[in-house]
Amino acid sequence: MDHFQLKNGVLYAEDIPVPQIAAEVGTPVYIYSRATLERHARVFRQGLKDVGKIHLAFAVKANPNLAVLRVLANQGYGADVVSGGELERALAAGMKPEDIVFSGVGKTRAELTLGLDKGIGQFNLESEEEGQLLAEIAAARGAQAPATLRVNPDVDAGTHAKISTGKKENKFGVGIDVAPNIYARLSKLDGLNLRGVAVHIGSQLQNLDPLEKCYARMGELVEQLRGAGHEISHVDLGGGLGVPYKPEDNPPSPADYGAMVERVTKGWNVTLMFEPGRVIAGNSGIMATQVIRIKPGVNSDFVIVDAAMNDLMRPAIYDAWHHFEAVEPTGETMIASIVGPICESSDIFTKERKVDRVATDDLGIFRTAGAYGATMANTYNSRPLVPEVLVDGDKYAVVAERIEPATIMAAEQVPDWLK
Ligand SMILES: *Cc1c(COP(=O)(O)O)cnc(C)c1O
């Protein structure tokens, strides 16, 4: 359920007509709905109502916009961050340090130090070497860093290879077979309060089976670690729940997920931690674009829009599907390849797909753009950095400005010796 619906033939974001935002802010533009974000945050929490003690940390990388993070902070969410920059953002948005979890496979000395300086709640260690370094930095200041060990459970998430993270050949975590020995060595270090294990096997999961298999393996590991005398108080189950991108997609609901978690983790007697990203933000955002012109093609017409792969990278890098709709649909359809103006053949949003009929200057939207959308945007082809808007009922605000090429150029210099 989201709040991007037609009213009298025009697409609205909550109570604001999309054409109003397009006219006032310009296109392309990301539009987020506060009510939708809040709804998803509540529904996810509600799904876990029978699970005992939980901690919810929004995966900041899915949508790091400060206003979006503030909405989620107000819903009681902490943050799962994967860089020092994300850590600073989560704090700037009002998340409490103790609610912040630091994941990420390449945390630097500077980032680990920052996490300790800010007093974050937990470090999810990705290797023994990282654990040793964190322990060394913490011990030098007489501190103990709260940490879990991220484990690679060797489970195929059944998702796109580029967003799969839990197979043994992936770079994330330590192998579940070697985890008990690494855990034993790290747990002896003075600078660490090693208190559990973490896992995250991938994103856009369409089916609960891989997650269930993964969590069951984590349960066995917890038992094994306890058997070896370790106190396990926290298990971080990661994120990964999928969302519908196509109208016919039917991923597991947060309620289905919660029921599975409840069943598999019964008796673990730990605080269960979750790191949802896409399931909260994905359908809370759309990207609006305007048709520049239509050009005849060999197999179908090309609809050339003013959004491009630099604004929304997912189709180019993951072959992702984003549903296209006209902002003022006529009921007619067309077979079209919707493409951006960038000089790359991968700058294509729909390939010979049946879509709402649109003409030059019409507005259209790509749905499910609230996660891994604006945050991956860049300025390739010297295009502006795409702006973001947050709608709340009958008001909206620009929550990230369009950054013009001149601003970016101003940060570049031609050295004197070239002049
Ligand atoms: C990306 C990521 C998430 C969030 O994944 P979603 O599929 O967006 O829910 C959670 N935890 C970690 C460690 C991640 O890298």
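Treat the numbers as computed from the prediction; the structure is a model and nothing was measured. Per chain, residues are indexed from 1 in the order of the written sequence. Note on the predicted model: pLDDT of at least 70 is required for a residue's local features to be given, and 80 or more for side-chain atom pairs to be given and counted; whole-chain, interface and lining totals, by contrast, use all residues. With hydrogens and water stripped out, all remaining heavy atoms of the structure feed into the side-chain values.

## Quick look at the packing of aromatic side chains
Moving on, step 1. Pairing of aromatic rings covers Phe, Tyr and Trp, the last counted by its six-membered ring, and requires centre-to-centre distances within 6.5 Å; plane angles under 30 degrees mean stacked, over 60 mean edge-to-face, and any other angle means tilted. In the structure shown here, the tally under the stated rule is 8 aromatic pairs.
Moving on, step 2. An aromatic cluster is built from Phe44, Tyr215, Tyr257 and Phe274, whose rings are joined through pairwise contacts.
Moving on, step 3. A ring is scored as having a charge over it whenever the NZ atom of a lysine or the CZ atom of an arginine sits within 6 Å of its centre and within 35 degrees of its normal. Over the aromatic face of tryptophan 321 sits the side chain of lysine 246, whose NZ or CZ is 4.4 Å from the ring centroid.
Moving on, step 4. The cationic tip of arginine 353 hangs over the ring face of tryptophan 321; the distance from NZ or CZ to the ring centre is 3.4 Å.

## Observations regarding the side chain of glutamate 111
Moving on, step 1. Secondary structure elements follow DSSP: runs of H or I no shorter than four residues count as helices, runs of E no shorter than two count as strands, and numbering proceeds from the N terminus. Its place among the elements puts glutamate 111 in helix α5 (residues 109-118).
Moving on, step 2. Although glutamate 111 is buried, it makes no salt bridge; lysine 107 carries the closest opposite charge, 7.9 Å away.
Moving on, step 3. Whenever two N or O atoms come within 3.5 Å, that pair is a polar contact, provided that in protein one can donate a hydrogen and the other can accept it, and provided that, for residues adjacent in sequence, both atoms are side-chain atoms. A distance of 2.9 Å separates the side chain of glutamate 111 from the backbone nitrogen of glycine 84, its partner in a polar contact. A simple rule labels every residue: compare its accessible area, found with a 1.4 Å probe on the protein chains alone, to the largest value its type can have, and call it buried under 20%, exposed over 50%, or partly exposed in between. Here the positive residues are Lys and Arg and the negative ones are Asp and Glu; neither His nor the chain ends is included. Salt bridges are counted wherever a side-chain nitrogen of Lys or Arg sits within 4 Å of a carboxyl oxygen of Asp or Glu.

## Quick word on the UniProt feature "binding site: substrate" (unreviewed entry) in the protein
Moving on, step 1. Residues annotated by UniProt as "binding site: substrate" (unreviewed entry) correspond here to Arg278, Arg314, Tyr318, Glu344 and Tyr372. These residues run over 95 residues, and the two farthest C-alpha atoms among them are 27.1 Å apart, placing them at more than one spot.
Moving on, step 2. Secondary-structure assignment places tyrosine 318 in helix α11 (residues 314-318).
Moving on, step 3. Given a relative accessible area of 14%, tyrosine 318 falls into the buried group.
Moving on, step 4. When near neighbours in sequence (up to four residues on either side) are disregarded, tyrosine 318 contacts His160, Lys162, Ile163 and Met376.
Moving on, step 5. Within the element layout of this structure, glutamate 344 appears in the loop between β17 (333-339) and β18 (348-356).
Moving on, step 6. Given the relative accessible area of 35%, glutamate 344 is considered partly exposed.
Moving on, step 7. Among residues more than four places away in sequence, those in contact with glutamate 344 are Met309 and Tyr380. UniProt positions are given in the numbering used here, feature names are shortened, and annotations may be inferred rather than shown by experiment. Contacts were defined at the residue level, with two residues in contact if any of their heavy atoms lie within 4.5 Å.

## Describing the site of the ligand
Moving on, step 1. Each residue is tested against the molecule or strand, and it is near if at least one of its non-hydrogen atoms lies within 4 Å. The ligand sits among 14 residues. The nearest are Lys61, Ser203, Glu275, Arg278 and Tyr372.
Moving on, step 2. In this structure, glycine 277 approaches the ligand through a main-chain N or O atom, which is 2.9 Å from an oxygen atom.
Moving on, step 3. Here tyrosine 372 contributes a side-chain N or O atom positioned 2.6 Å from an oxygen atom of the ligand.
Moving on, step 4. In these tables, accessible area is a Shrake-Rupley quantity obtained with a 1.4 Å probe, and a residue counts as shielded only by the protein chains included in the view. Against a free-state accessible area of 380 Å², the protein chains account for coverage of 94% of the ligand.

## Thoughts on the side chain of aspartate 80
Moving on, step 1. Summarising the element assignment, aspartate 80 is placed in strand β6 (residues 78-81).
Moving on, step 2. Although aspartate 80 is buried, it forms no salt bridge, and the closest oppositely charged side chain is lysine 61 at an N-O distance of 5.6 Å.
Moving on, step 3. Engagement of the side chain of aspartate 80 in a polar contact is seen with the side chain of serine 103, the distance being 2.6 Å.
Moving on, step 4. In contact with aspartate 80, other than residues within four places in its own chain, are Ala57, Phe58, Ala59, Val60, Glu86, Val101, Ser103 and Glu275.

## Describing the UniProt feature "active site" (unreviewed entry) in the protein
Moving on, step 1. Under the UniProt annotation, "active site" (unreviewed entry) lies at Cys343.
Moving on, step 2. As for its placement among the helices and strands, cysteine 343 is situated in the loop between β17 and β18.

## Regarding the sheet that holds strand β1 (residues 4-7)
Moving on, step 1. Two strands are counted as paired when DSSP detects at least two bridges linking them. Ordered in space as β1-β2-β3, the 3 strands form an open sheet in which the pairing is antiparallel. In the strand order of this sheet, the two ends are held by β1 and β3 (16-17), each with one partner.
Moving on, step 2. Pairing of strand β2 (residues 10-13) with β3 involves 2 bridges; the strand directions are antiparallel. Paired with alanine 13 across the bridge in β3 is isoleucine 16.

## Focus: α5
Moving on, step 1. Along α5, the positions that sit buried rather than exposed are Glu111, Leu112, Leu114, Gly115 and Leu116.
Moving on, step 2. In this structure, the buried side of α5 is in contact with α4 (84-92), β7 (100-102), β8 (122-125), α6 (128-140) and β9 (145-152).
Moving on, step 3. Positioned one or two residues after α5, glycine 119 has a phi angle of 70°, which is positive.

## Some words on helix α3 (residues 66-74)
Moving on, step 1. When we look at burial in α3, the residues that qualify are Val68, Leu69, Val71, Leu72 and Ala73.
Moving on, step 2. If you check the start of α3, you find a side-chain oxygen 2.8 Å away from the backbone N of alanine 67, and it comes from asparagine 65.
Moving on, step 3. Where α3 terminates, the next one or two residues include glycine 76, which has phi positive at roughly 85°.

## Looking at the packing of α5 against α6
In helix packing, the relevant descriptors are the interaxial angle and the interaxial distance, both defined with respect to the helix axes.
Moving on, step 1. Contact geometry of α5 with α6 gives a least axis separation of 10 Å together with a crossing angle of 50°. Considering the angle they form, α5 stands oblique to α6. Crossing hand, α5 versus α6: right-handed. Contacts between α5 and α6 involve Arg109, Leu112, Thr113 and Leu116 from the former and Glu130, Leu133, Leu134, Glu136, Ile137 and Ala138 from the latter.
Moving on, step 2. Side-chain classes follow a simple rule in which Ala, Val, Leu, Ile, Met, Phe, Trp, Tyr, Cys and Pro form the nonpolar group, Asp, Glu, Lys and Arg form the charged group, and the remainder, Gly included, forms the polar group. Considered class by class, the residues forming the contact of α5 with α6 number 6 nonpolar, 1 polar and 3 charged. In this analysis an axis means a line fitted to C-alpha atoms, helices contributing only their contacting stretch, and an angle means the value between N-to-C directions, from 0 to 180 degrees. Should an angle fall under 35 degrees it is taken as roughly parallel, and over 145 as roughly antiparallel, whereas 65 to 115 is taken as roughly perpendicular and any remaining angle as oblique. In this scheme the crossing of two helices becomes right-handed for a clockwise turn of the near helix relative to the far one and left-handed for an anticlockwise turn of less than a right angle.

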